[in-house]
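# What the coordinates show
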Amino acid sequence: MNHDRYEDDFILDVLERTRTVAMVGASPKWNRPSYFVMKYLLDRGFEVHPVNPRAAGDTILGRRVYGDLDEVPGPFEMVDVFRNSEAAGPIVDDAIRLAPDKGIRFVWMQLTVRNDEAAARAEGAGLQVVMNRCPKIEWSRLHGELSWGGIDSGVVTSRRMRLR
């Protein structure tokens, strides 16, 4: 797999075959990118299980936070890695180990996250890998939504406000 460029059909297939995501590195802070992505995916009908050892047992967006992938109830199709490239390696190894029991088929590494060695291990184990991409941005782009840019979000508008 060429991880420098993905065909739109490949990305769309991964997203459309995913219903449940374990998001490693999910943050309870509303102003963090992982929080935005989690909210967006939930709003699009995905089930998202946040994974963050520092917030384990708490909730993010009404979802229980798990300490690691082992704790996440299966099945889930995707592991979304919101950690740095170095940390992605052990997370991918956990995904490979858990794939048969949890139904994991995809590993998605967020923007700026790339670990070619981990990707090769995952692909060798039969998983599909996306690196240096955001599922929120890709879903928006491939489904004709521009709300991630503030357009059609209900927040930014060109209409004049009505004076009362």
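What this report covers is the structure whose coordinates are included nearby. (Residues numbered from 1 in each chain as written. Predicted model: local features only at pLDDT ≥ 70, side-chain atom pairs only at ≥ 80, totals over all residues. Heavy atoms only, no water.)

### Let's talk about the overall build of the protein
Stated precisely, the cut-off is as follows: Secondary structure is summarised from DSSP: a helix means a run of H or I of at least four residues, a strand means a run of E of at least two, and numbering begins at the N terminus for each. Residue exposure (1.4 Å probe, protein chains only): buried if accessible area is under 20% of the type maximum, exposed if over 50%, otherwise partly exposed. In what follows, a contact means two residues having at least one pair of non-hydrogen atoms within 4.5 Å. Reported accessibility uses the Shrake-Rupley method at a 1.4 Å probe radius. Residues are deemed covered only where the shown protein chains occlude them.
The secondary structure content of the protein amounts to five helices and seven strands. Residues classed as buried in the protein amount to 45% of the 164 residues present. When contacts within the protein are restricted to residue pairs at least 6 apart in sequence, long-range pairs at least 24 apart make up 64% of them. Carbon and sulfur atoms provide 49% of the accessible area of the protein, an area that totals close to 9400 Å².

### Side note on the pairing of strand β2 (residues 47–51)
Put simply, the rule reads: Note on handedness: a crossover is taken as right-handed if, strands pointing away from the viewer, the path from the first strand over the helix to the second is clockwise.
With four of five residues buried, β2 lies mostly within the body of the structure. In the classification by handedness, the crossover that spans strand β1 (residues 20–24), the intervening helix α2 (residues 33–43) and the parallel β2 is right-handed.

### A closer look at helix α1 (residues 8–16)
Rules: Here the arc refers to the set of directions running from the helix axis out to each C-beta atom.
For α1, the complete set of buried residues consists of Phe10, Ile11, Val14 and Leu15. Seen end-on, α1 carries its buried residues on one side only, within an arc spanning 130°. In this structure, the buried residues of α1 make contact with β5 (78–81), β6 (106–109), β7 (128–130) and α5 (135–142).

### Let's talk about the pattern of salt bridges
To keep it simple, the criterion reads: Salt bridges are identified by distance alone: a Lys or Arg side-chain nitrogen within 4 Å of an Asp or Glu carboxyl oxygen.
Per the stated rule, a full pass over the model turns up twelve salt bridges. In this structure, the salt-bridge partner of Asp4 is Arg114, at a minimum N-O distance of 2.9 Å. A residue pair is termed long-range when its members are at least 10 positions apart, and Asp4 in the segment before α1 and Arg114 in the loop between β6 and α4 (116–124) qualify at 110 residues. With relative accessibility at 58%, the residue Asp4 sits in the exposed group. The partner of Glu145 in a salt bridge is Arg44, with the nearest N and O atoms 3.0 Å apart. Within this pair, whereas Glu145 is found in the segment after α5, its partner Arg44 is found in the loop between α2 and β2, the two being separated by 101 residues in sequence. A relative accessible area of 26% places Arg44 in the partly exposed class. Linked by salt bridges that have partners in common, Asp4, Arg114 and Asp116 make up one network.

### Observations concerning the sheet that holds β6
Defined as follows: When DSSP finds two or more bridges between two strands, those strands count as paired. Axis definition: a line fitted to C-alpha atoms, over the contacting stretch in the case of helices. Angles run 0 to 180 degrees between N-to-C directions.
Read across the sheet, five strands follow the order β2-β1-β5-β6-β7 without closing on themselves; strand pairing throughout is parallel. On the outer flanks of this sheet lie β2 and β7, each paired with one strand and no other. The sheet shows a mean angle of 20° between the axes of neighbouring strands, taken without regard to direction. Pairing analysis gives four bridges linking β5 to β6, with the strands arranged parallel. The residue bridging Val81 from the neighbouring strand is Met109, located in β6.

### Quick word on α4
Among the residues making up α4, those that are buried are Ala118, Ala119 and Ala122. The buried residues of α4 occupy an angular sector of 100° when the element is viewed end-on, so they sit on one face. Counted as exposed and oriented over 90 degrees from the buried face of α4: Glu117 and Gly124. The secondary structure elements touched by the buried residues of α4 are α3 (85–102), β6 and β7. At the exit of α4 stands Gly126, carrying a positive phi of roughly 95°.

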